[in-house]
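A closer look at the structure
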Amino acid sequence: MAVTIYGIKNCDTMKKARRWLEEHNVAYEFHDYKALGIDRAHLEAWIDEAGLDTVLNRAGTTFRKLPDADRENLTREKAIALMLDQPSMIKRPVLETKGKLLIGFKPEMYSEKFER
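An account of the accompanying structure is given in this report. All figures in this text were calculated on a predicted structure; none of them were measured in a lab.

1. A closer look at the packing of aromatic side chains
- Inspection of the entire model under this criterion finds five aromatic pairs.
- Between Trp20 and Tyr110 the ring centres are 5.6 Å apart and the planes differ by 85 degrees, which places this aromatic pair in the edge-to-face class. With Trp20 in helix H1 (residues 12-23) and Tyr110 in helix H7 (residues 107-114), the pair connects residues that are 90 residues apart, well separated along the chain. Tyr110 carries the same exposure label as Trp20, and that label is buried.
- The exposure class assigned to Tyr110 is buried, which follows from its relative accessible area of 0%.
- Ring pairing ties together the aromatic residues Trp20, Phe105, Tyr110 and Phe114, which thus form one cluster.
- Note that Arg18 overlies the ring of Phe30, its terminal NZ or CZ placed 4.1 Å from the centroid.

Cut-off values and rules
Residues numbered from 1 in each chain as written. Predicted model: local features only at pLDDT ≥ 70, side-chain atom pairs only at ≥ 80, totals over all residues. Heavy atoms only, no water. Phe/Tyr/Trp six-rings, centres within 6.5 Å; stacked < 30°, edge-to-face > 60°. Helix = DSSP H or I, 4+ residues; strand = E, 2+ residues; numbered from the N terminus. Buried < 20%, exposed > 50% of the residue type's maximum accessible area, 1.4 Å probe, protein only. Lys NZ or Arg CZ within 6 Å of the ring centre and 35° of its normal.

Shown next as structure tokens:
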């Protein structure tokens, strides 16, 4: 099963997700979108499947530090532009596997997906 996990290397939630995958012998490829960036096509596909409110991390420091003008009247296009410019605003981890998408990390969510 091809698994790619997207996020930021030093994020505590990412560390928990990667540890879970390793402890359950799930092979994965890690894409650090802070170091490598992320393309518009991925963001659009994630938003299409999961919704903007799931993909955009409004609770994170990066988003909260934005000027009010950037946070107000947030359209899909404006949010994508912000996430392309500052990938730290993308909720993490984002895990893709066999056309399925998991956003965020909860052990039970991963168990449901991988332990069958």
